[in-house]
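# Descriptive structure summary
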Amino acid sequence: MSDIEDVADILRKARRVVVLSGAGLSAESGIATFRDKQVGLWERFDPAELASMTAWLEHPDVVWGWYAWRIGIVRQAKPHAGYAALSRWANHIAPQREQHLTFVTQNVDDLHERAGIVGSEDGHIEGPLHVHGALEAFRCSVCGTPFHGAVEVPDEPMEELEPPICPVCGERVRPGVVWFGEELPAATWNASVDAVTDADAVLVVGTSGLVYPAAMLPEVAAGLGKPCVEINPEPTAVSRFMEATVRLGAAEGLTALVSAIEG
Ligand code: OAD
């Protein structure tokens, strides 16, 4: 284990940084990770099985019920202090230090955007590149037409809920996420690989490093000799590629890290 100063030192020296995040980044905003035990109605279900085309084809109302519940949680969640710290780094510290930050996230929530972490015209910030899609980028599951109708979510979780219907072809509307077994959005994925290839350092936050191909990114970076650093309370499958690790949650770890980078 290393301390914040080791991690800050590596990131301070880098001109181009990639911040790769996973579900753990949003955990302290109240959005459960994929490794947390599910509670209540969803206790019996494995999220990895619900997030699949097979589940959607067999039980669309169950899958939509689960996503409606998650959408409700995400709509109510607020970006925590760790997001605020990342936003401060990207919007205020990076321009002064002529740093370029690319945010690559496996998260399908919009907490980066709501924290003010969005691509900037002056090019200091790129992303967030949502390699697993975005929950509310709804589209028809058959003809692919984007769906912009209002999507209401129930106050209480419902085990089954009918998805909205596509006004173009009458088929079911699906969430804009990448399900297990589906391809990642090509342009977003290619941009993420390019960002890692061009980076001087990679900060990995809150990902188990178990889901490919996203989990390849730290390995690619390390293979190219780019220093990688990690903030995660637990060791992960990608910890072996790290030059320094901080075993803290994202809120505390990122707040301390950005203060240390600022100096
Ligand atoms: P996981 O749910 O696999 O892992 C969550 C990680 O967050 C673990 O390493 C935890 O130790 C860490 N963690 C927990 N609390 C944290 C905190 N407060 N601060 C920082 N880290 C914390 O999440 P991902 O790696 O994002 O894919 O999973 C990748 C993908 O698997 C997801 O995008 C999703 C899922 O199935 C799809 O939906 C395709």
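One can find the structure itself at the top, above this paragraph.
A short tour of the structure in this document, coming up. (Residues numbered from 1 in each chain as written. Predicted model: local features only at pLDDT ≥ 70, side-chain atom pairs only at ≥ 80, totals over all residues. Heavy atoms only, no water.)

### Brief notes about the overall build of the chain
When you go through the chain residue by residue, the secondary structure sums to 10 helices and 8 strands. Since a compact globule built from 263 residues should have a radius of gyration of about 18 Å, the 19 Å found for the chain is in line with a globular shape. Seen along its three principal axes, the alpha-carbon backbone of the chain occupies a region of about 55 × 35 × 30 Å. Residue burial in the chain is summarised as follows: out of 263 residues, 51% are buried. Within the chain, residue pairs in contact and separated by at least 24 positions form 75% of the contacts whose partners lie at least 6 positions apart. Of the accessible surface of the chain, which amounts to about 12100 Å², a share of 52% is contributed by carbon and sulfur atoms. Taken together, the 19 basic and 37 acidic charged side chains of the chain have centroids lying 3 Å from each other. (Helix = DSSP H or I, 4+ residues; strand = E, 2+ residues; numbered from the N terminus. Rg over C-alpha atoms; globule rule 2.2 N^0.38 Å. Buried < 20%, exposed > 50% of the residue type's maximum accessible area, 1.4 Å probe, protein only. Contact = heavy atoms within 4.5 Å. Areas by Shrake-Rupley, 256 points an atom, 1.4 Å probe, with all protein chains shown as cover. Lys, Arg positive; Asp, Glu negative; His and termini not counted. Charge placed at Lys NZ, Arg CZ, Asp CG, Glu CD.)

### Observations regarding the pairing of strand β1 (residues 16-21)
On a regular strand, each side chain points to the face opposite its neighbour's, so the side chains alternate between the two faces of the sheet. Burial runs high along β1: 5 of the 6 residues are buried. Bridge analysis of β1 against strand β2 (residues 100-105) gives 6 bridges, and the strand direction is parallel. The partner of Leu-20 across the bridge, within β2, is Val-104. Alignment of β1 against strand β6 (residues 201-205), held across 5 bridges, turns out to be parallel. When the sheet's bridge partners are listed, Ser-21 is paired in β6 with Val-205. (Pairing = 2+ DSSP bridges.)

### Here's the deal with the packing of helix α6 (residues 81-96) against helix α10 (residues 250-262)
Look at α6 against α10: their axes get within 7 Å of each other, and the N-to-C directions meet at 25°. Of the possible angle classes, the one that applies to α6 and α10 is roughly parallel. For the pair α6 and α10, the crossing hand works out as left-handed. When α6 is examined against α10, the residues Ala-81, Gly-82, Ala-85, Leu-86, Arg-88, Trp-89 and Ile-93 are found in contact with a partner set consisting of Ala-250, Ala-251, Leu-254, Thr-255, Val-258, Ser-259, Ile-261 and Glu-262. Class assignment for the residues of the contact of α6 with α10 results in 10 nonpolar, 3 polar and 2 charged. (Axes fitted to C-alpha atoms, helices over the stretch in contact; angles between N-to-C directions. Parallel < 35°, antiparallel > 145°, perpendicular 65-115°, else oblique. Left-handed = near helix turned anticlockwise from the far one by under 90°. Nonpolar A, V, L, I, M, F, W, Y, C, P; charged D, E, K, R; others polar.)

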